[in-house]
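For reference, the chains in residue letters:
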Amino acid sequence: MSLPQFKLLRPRTQAEAVDFLARHSPHVQVIAGGTDLIPSMRQKLFEPRYVLDITGIAELRDIRRTPAGVEIGALATLAQVERSPLLRELYPVLCEAAATVASPVLRNMGTLGGNICLDTRCLWYNQSLAWRKGCGFCIKKDGNLCHVAPGGDFCWATFSGDTPPALLCLEAEIEIAGPQGARRLPLREFYTGAGDRYRNLQNNELVTRVFLPAAMAGYRGVYRKLRLRGSIDYPLAGVAVALKRSNGHIADARVALTAVNPAPLLVKGATEALSGQALTEELALRVGDLAARAAKPLTTSVLTPEYRREMVRVFTTRALRQAAD
Ligand SMILES: Cc1cc2nc3c(=O)[nH]c(=O)nc-3n(C[C@H](O)[C@H](O)[C@H](O)COP(=O)(O)OP(=O)(O)OC[C@H]3O[C@@H](n4cnc5c(N)ncnc54)[C@H](O)[C@@H]3O)c2cc1C
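All of these numbers come straight from a predicted model, not from anything done at the bench.

Caption draft 1: Quick look at the overall build of the protein chain. If you tally the helices and strands in the protein chain, you get 12 helices and 12 strands. Its C-alpha radius of gyration of 19 Å places the protein chain within 12% of the 20 Å reference for a compact globule of 325 residues. Considered along the principal axes of its C-alpha atoms, the protein chain spans approximately 60 × 50 × 35 Å. The buried share of the protein chain, reckoned over its 325 residues, is 54%. Residue pairs at least 24 apart in sequence account for 63% of intrachain contacts in the protein chain once pairs closer than 6 positions are excluded. A total of about 14300 Å² of accessible surface is found on the protein chain, and carbon and sulfur atoms cover 51% of it.

Below, the structure is given as structure tokens:
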């Protein structure tokens, strides 16, 4: 499966990148580590005229402490995130989630920005052109029917990045740069909830930075991931938990899911159920139920929806027990 023809653009600064995007939108696609985009281009899921390689923008690679918390450049690699002593000390759940992505080689190339912007996945979408053509294509690319929920016009392709649930638990914000300047928004507002237009990002915009608030530093964190192989596999369900303890009670907590819905999401009601409580078995099971109800897995991957939903329940209760211990 050869790569389609394209012209490579290599900006050295953020301003230059934004300028390239403005000039070539909508025929341009950003590439960072390329670990997801290159296979997708080989499958002809993307055939942009221009590919904007942002890896030369040195200002987007750093992880640094600021008075407001920690700022991570979108080009920080997952290996950098996984190993950062600063992040390990202050936001361990993010390091744990980053460490589960793919394999060491892919984590050396793959970036945090790329993980946040990762395309949604589906059995009927992540296939070669010939395969997709043989099935009459699908609603996410080139077709008008959904094989997962036939009859509907909604795309259920699943968001399958590992770090966003951890970032949601940490109340991360992201910075987006575009022709109108830079804007900042909570990560939870970045995802639309639809599998096809899954992110609030224009074709002429770029994710530039991630901000972790000082108030969330020191939370205990656990990330649990369901996958077929122990390595080099996307999550088929993932649960992140971050909580703060005080006097044997949970002072504050967040639970977030990935790989079971078209967007990563915070579990509604989990914070209210856990805050101010000591973690009992009954409480862990109750929050596990909340998480399982928030998960809407469909037949987008090789494991059954029922099994993936059940594993969300199991992982949530286990992660809570571990984090609260
Ligand atoms: C075999 C294999 C296994 C994998 N397993 C996992 C896994 O277990 N968990 C997981 O989370 N991922 C997995 N991945 C996917 C991928 O390696 C990671 O998600 C990685 O973080 C993607 O980052 P990247 O920099 O390589 O993104 P790229 O491939 O460069 O880009 C991915 C997408 O994000 C866009 N993009 C990238 N950076 C920006 C930016 N700064 N602003 C705007 N848009 C941007 C690109 O246009 C593209 O749409 C796997 C990939 C492979 C090939």
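On we go from here.
Caption draft 2: The site of the ligand, seen in detail. In the neighbourhood of the ligand, 34 residues make up the surrounding shell, with V30, T35, T111, D162 and D233 lying closest. The backbone of G33 places a nitrogen or oxygen atom 2.8 Å from an oxygen atom of the ligand. In this structure, a nitrogen atom belonging to the ligand sits 2.7 Å away from a side-chain N or O atom of D162. The fraction of the free accessible surface of the ligand (970 Å²) that becomes covered by protein chains is 94%. Counting residues per element, the ones that place at least two in the shell around the ligand are β2 (28-31), α7 (112-117) and β8 (206-213). For the shell around the ligand, the element with the most residues is α7, which contributes four residues. The residue inventory of the shell around the ligand, partitioned by class, reads 18 nonpolar, 11 polar and five charged. For the shell around the ligand, the domains that each give at least three residues are domain 1 (1-55) and domain 2 (62-118 + 158-324).

Caption draft 3: Focus on the packing of aromatic side chains. Inspection of the entire model under this criterion finds four aromatic pairs. An aromatic cluster of at least three residues, connected via ring pairs, comprises F159, F190 and Y191. A cation over a ring is seen here: R121 above Y234, with NZ or CZ 3.6 Å from the ring centre. Taking NZ or CZ as reference, K140 lies 4.7 Å from the ring centre of Y125, over its face.

Caption draft 4: Structural detail: the sheet that holds strand β5 (residues 69-73). Pairing within the open sheet is antiparallel, and its five strands lie in the order β4-β5-β8-β6-β7. Edge positions in the sheet fall to β4 (63-66) and β7 (181-186), since each has one partner strand and no second. If you compare each strand with its neighbour and ignore which way they point, the axes differ by 25° on average. Bridge count for strand β6 (residues 173-178) against β8 is five bridges, and the pairing is antiparallel. Among the inter-strand pairings, A177 is bridged to a residue of β8, identified as L206.

Caption draft 5: Layout of the nonpolar core. Among the nonpolar cores identified, the biggest contains 44 residues, and F190 and L212 are the most heavily contacted of them. Element by element, the count of residues in this core is highest for helix α5 (residues 92-99), at five residues. When neighbours within four sequence positions are excluded, F190 is seen to be in contact with I116, C117, I174, I176, L185, Y198, R199, N200, L201 and V207. Grouped together as the second largest cluster of nonpolar side chains are 29 residues, V222, A237, V241 and A324 included.

Caption draft 6: Local environment of the environment of I174. Inspection of the secondary structure assignment puts I174 in strand β6. Considering only alpha carbons, one finds I174 and I139, 35 residues apart in sequence, at a separation of 29 Å. When neighbours within four sequence positions are excluded, I174 is seen to be in contact with I116, R183, R184, L185, L187, F190, V207, R209, V210 and F211.

Caption draft 7: Representation of the sheet that holds strand β1 (residues 7-9). Reading across the sheet, the three strands line up as β1-β3-β2 and stay open at both edges, with parallel pairing between neighbours. If you trace the sheet from one side to the other, it starts and ends with β1 and β2, each paired once. When the angles between neighbouring strand axes are averaged without regard to direction, this sheet yields 25°. Here β2 pairs with strand β3 (residues 50-53) via four bridges, running parallel. Across the sheet, residue V30 finds its bridge partner in β3, namely L52. The sheet strands contacting helix α1 (residues 14-24) are β1, β2 and β3, and the helix crosses β3 at an angle near 170°.

Caption draft 8: Layout of the pairing of strand β10 (residues 237-246). Of all 10 residues that make up β10, seven are buried, and the element is covered over most of its length. In the sheet, strand β9 (residues 220-226) pairs with β10 via seven bridges, with the strands oriented antiparallel. When the bridges of β10 are listed, G221 appears paired with A242. As paired elements, β10 and strand β11 (residues 249-258) share nine bridges and run antiparallel to each other. Within the sheet, the bridge partner assigned to K244 lies in β11 and is D252. Here β10 hands over to β11 after two residues, with N247 in that stretch at a positive phi of 50°.

The rules we used
Residues numbered from 1 in each chain as written. Predicted model: local features only at pLDDT ≥ 70, side-chain atom pairs only at ≥ 80, totals over all residues. Heavy atoms only, no water. Helix = DSSP H or I, 4+ residues; strand = E, 2+ residues; numbered from the N terminus. Rg over C-alpha atoms; globule rule 2.2 N^0.38 Å. Buried < 20%, exposed > 50% of the residue type's maximum accessible area, 1.4 Å probe, protein only. Contact = heavy atoms within 4.5 Å. Areas by Shrake-Rupley, 256 points an atom, 1.4 Å probe, with all protein chains shown as cover. Near = heavy atom within 4 Å. Polar contact = N/O pair within 3.5 Å; in protein donor to acceptor, adjacent residues only side chain to side chain. Nonpolar A, V, L, I, M, F, W, Y, C, P; charged D, E, K, R; others polar. Domains from an automatic or database assignment. Phe/Tyr/Trp six-rings, centres within 6.5 Å; stacked < 30°, edge-to-face > 60°. Lys NZ or Arg CZ within 6 Å of the ring centre and 35° of its normal. Pairing = 2+ DSSP bridges. Axes fitted to C-alpha atoms, helices over the stretch in contact; angles between N-to-C directions. Core = buried A, V, L, I, M, F, W, Y, C linked by side-chain atoms within 4.5 Å.

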